[in-house]
Structure formats: structure tokens, C-alpha cells
Amino acid sequence: MNQKVIKEHFWKTGVNGDVRLTEDELGWPDMLREEALSDYPETIFRHCIEIVGFNILFYWIKDENFYTIETEKDPIEVRRIFLDPDWDGSCEFTKAGVNKSGPNTASAGELLASFEDPTCIWTELKIEGVPISQVIEESAIITWD
């Protein structure tokens, strides 16, 4: 099966040496679908953010930026991760964040939105005018912790 390649050099290291980001890596990973007991995007989002309280790091392919939803902060913060000014261009995953290994949910960034109530995020959060439901579908979810 041929997978559409989105970025040739995305991951610093990959499974079996494959460092490409492919279309099948976008959206909610199977592990989160199983944990939420659903394939429905809103149910998965609400499970991860509202019930479990995961911090989420994702890469939106449309604008090629990394973002976080940080549920451990009060209020909950949504950030665009700052680009590393010393990025060498060799690996997309290392272009942002505070260290050379890539962004993480503790990386500094530009505050885009904050939410007192996590139940409002799904309906109110937009990035560049795009609802979070669409952003997540077009993103690689890098980590949840």
C-alpha cells in the first residue's frame, strides 16, 4: 500500500529508519481511539482533554507549525510553539522547541487562547479561523502526556 508522503524528513528517527510523515499518521492515533472507546473525533477529543486531562502536542500540516493544548495549566492554554532560531532545516521535528530534540508540551510558545472550562474548547477553539476539529484531522498528534 502506497502512503502519501507529507514530509520527507519529518521525524528525527523513525520506525525501521523511515523518517517520513505520511497521510496515515494524521488525526487521532489508534491508541487514543481505543482508550476513548470511539472512532468519533469529538468523543476522542473530549476524552483526552476533558476526562483524562492530557497535554497534547500536534503538528498542523496546513501551516507547518507545532501547537500544544496544555490542560495542566489553569486556565488551559493553547500555544503555537516558537521556531528554533538555530534550526538547521534537516528535520522538521527539530525546527521548534527549546531543545535540539524537538518540541514538547513544555516548550515556550505564543499564547493563542485560554479556557477556564475545558468543555468549551471543542466548540470555541479555532486556529487561523479553522475549527479545532478540522485542525486535528490535518495534524500529526506527536504526544499526549
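Residue positions are given per chain, counted from 1 along the sequence in the order it is written. Only residues with pLDDT of at least 70 get local features here, since the model is predicted, and only at 80 or more are side-chain atom pairs given and counted; chain-wide, interface and lining totals rely on the full set of residues. To get the side-chain values, take all heavy atoms of the structure and skip hydrogens and water.

1. Quick notes on the packing of aromatic side chains
And step 1. For Phe, Tyr and Trp, where Trp contributes only its six-membered ring, two rings pair if their centres lie within 6.5 Å, and the inter-plane angle classes them as stacked under 30 degrees, edge-to-face over 60, or tilted in between. Under the definition given, this model contains eleven aromatic pairs.
And step 2. Ring centres 5.6 Å apart and planes at 20° place the aromatic pair Phe58 and Tyr67 in the stacked group.
And step 3. Owing to a relative accessible area of 0%, Tyr67 belongs among the buried residues under this scheme.
And step 4. Ring geometry for Phe66 versus Phe93: centroids 5.9 Å apart, planes at 80°, classification edge-to-face. A residue pair is termed long-range when its members are at least 10 positions apart, and Phe66 in strand β4 (residues 65-70) and Phe93 in the loop between β5 (76-81) and β6 (109-115) qualify at 27 residues. Assigned by exposure class, Phe66 and Phe93 land together as buried.
And step 5. Taken together, the aromatic side chains of Phe10, Trp11, Tyr59, Phe66 and Phe93 make up a single cluster linked through ring pairs.
And step 6. Lys95 extends its terminal NZ or CZ atom over the ring of Trp87, reaching a point 5.8 Å from the ring centre. Only protein chains enter the accessibility calculation, which uses a 1.4 Å probe. A residue is then buried if its area is under 20% of the maximum for its type, exposed if over 50%, and partly exposed in between. Secondary structure is summarised from DSSP: a helix means a run of H or I of at least four residues, a strand means a run of E of at least two, and numbering begins at the N terminus for each. Think of it as a cone above the ring: NZ of Lys or CZ of Arg counts as a charge over the ring if it is within 6 Å of the ring centre and within 35 degrees of the ring normal.

2. Some remarks on a negative patch on the surface
And step 1. Here the term patch refers to residues with relative accessible area over 30% and no salt bridge, with like charges joined within 9 Å and nonpolar side chains (Val, Leu, Ile, Met, Phe, Trp, Tyr) within 5 Å. Accessible surface area values rest on a Shrake-Rupley calculation with a 1.4 Å probe, where residue burial reflects the displayed protein chains alone. Each reported salt bridge corresponds to a side-chain nitrogen of Lys or Arg within 4 Å of a carboxyl oxygen of Asp or Glu. Note that His is not counted, nor are the chain ends; the positive residues are Lys and Arg, and the negative ones are Asp and Glu. Lysine's charge is taken at NZ, arginine's at CZ, aspartate's at CG and glutamate's at CD. Negative charge collects at one region of the surface, where Asp74, Glu116, Asp117 and Glu124 lie side by side.
And step 2. Mapped onto the elements of the fold, Glu116 is located in the loop between β6 and α3 (121-124).

3. Overview of the side chain of Arg80
And step 1. The topology assignment puts Arg80 in strand β5.
And step 2. The definition of a polar contact used here is a pair of N or O atoms within 3.5 Å, where within protein one atom must be able to donate a hydrogen and the other to accept one, and adjacent residues in sequence count solely through side-chain atom pairs. At 3.1 Å, the side chain of Arg80 forms a polar contact with the side chain of Tyr67.
And step 3. A polar contact of 2.5 Å, which involves the side chain of Arg80, links it to the side chain of Glu128.
And step 4. Discounting residues that sit within four places of it in the chain, Arg80 has contacts with Asp63, Asn65, Phe66, Tyr67, Gly109, Glu110, Leu112 and Glu128. Residues are treated as being in contact if the distance between any of their heavy atoms lies within 4.5 Å.

4. A short note on the nonpolar core
And step 1. Counting 26 residues, the largest nonpolar core has Trp28, Phe45, Ile56, Phe58, Ile69, Leu125 and Ile132 as the members making the most contacts within it.
And step 2. Ranked by the residues each element gives to this core, the list is headed by helix α2 (residues 41-52), at four residues.
And step 3. Not counting residues within four places of it along the chain, the set of residues in contact with Ile132 comprises Phe45, Phe58, Ile121, Trp122, Leu125 and Ile127. In this description, a nonpolar core means a group of buried Ala, Val, Leu, Ile, Met, Phe, Trp, Tyr and Cys residues linked to one another through side-chain atoms lying within 4.5 Å.

5. Remarks on the sheet that holds strand β9 (residues 139-144)
And step 1. Should DSSP find at least two bridges between two strands, the strands are taken to pair. Sheet architecture is open: five strands sit in the order β6-β5-β4-β3-β9, paired in antiparallel fashion. The strands lining the two open edges of the sheet, one partner per strand, are β6 and β9. The mean angle between the axes of side-by-side strands here comes to 20°, regardless of whether they run parallel or antiparallel. A fitted line through C-alpha atoms represents every axis, and for helices the fit uses only the stretch in contact; the resulting angles, taken between N-to-C directions, go from 0 to 180 degrees.

6. Things to note about the side chain of Lys95
And step 1. Positionally, Lys95 belongs in the loop between β5 and β6.
And step 2. Residue Lys95 is classed as buried on the basis of its relative accessible area of 8%.
And step 3. Among the polar contacts listed, one links the side chain of Lys95 to the backbone oxygen of Glu64, at a separation of 2.7 Å.
And step 4. Reaching out from Lys95, the side chain makes a polar contact with the side chain of Glu92 at a distance of 2.8 Å.
And step 5. Excluding residues that lie within four positions of it along the chain, Lys95 makes contacts with Glu64, Phe66, Leu83, Asp84 and Trp87.

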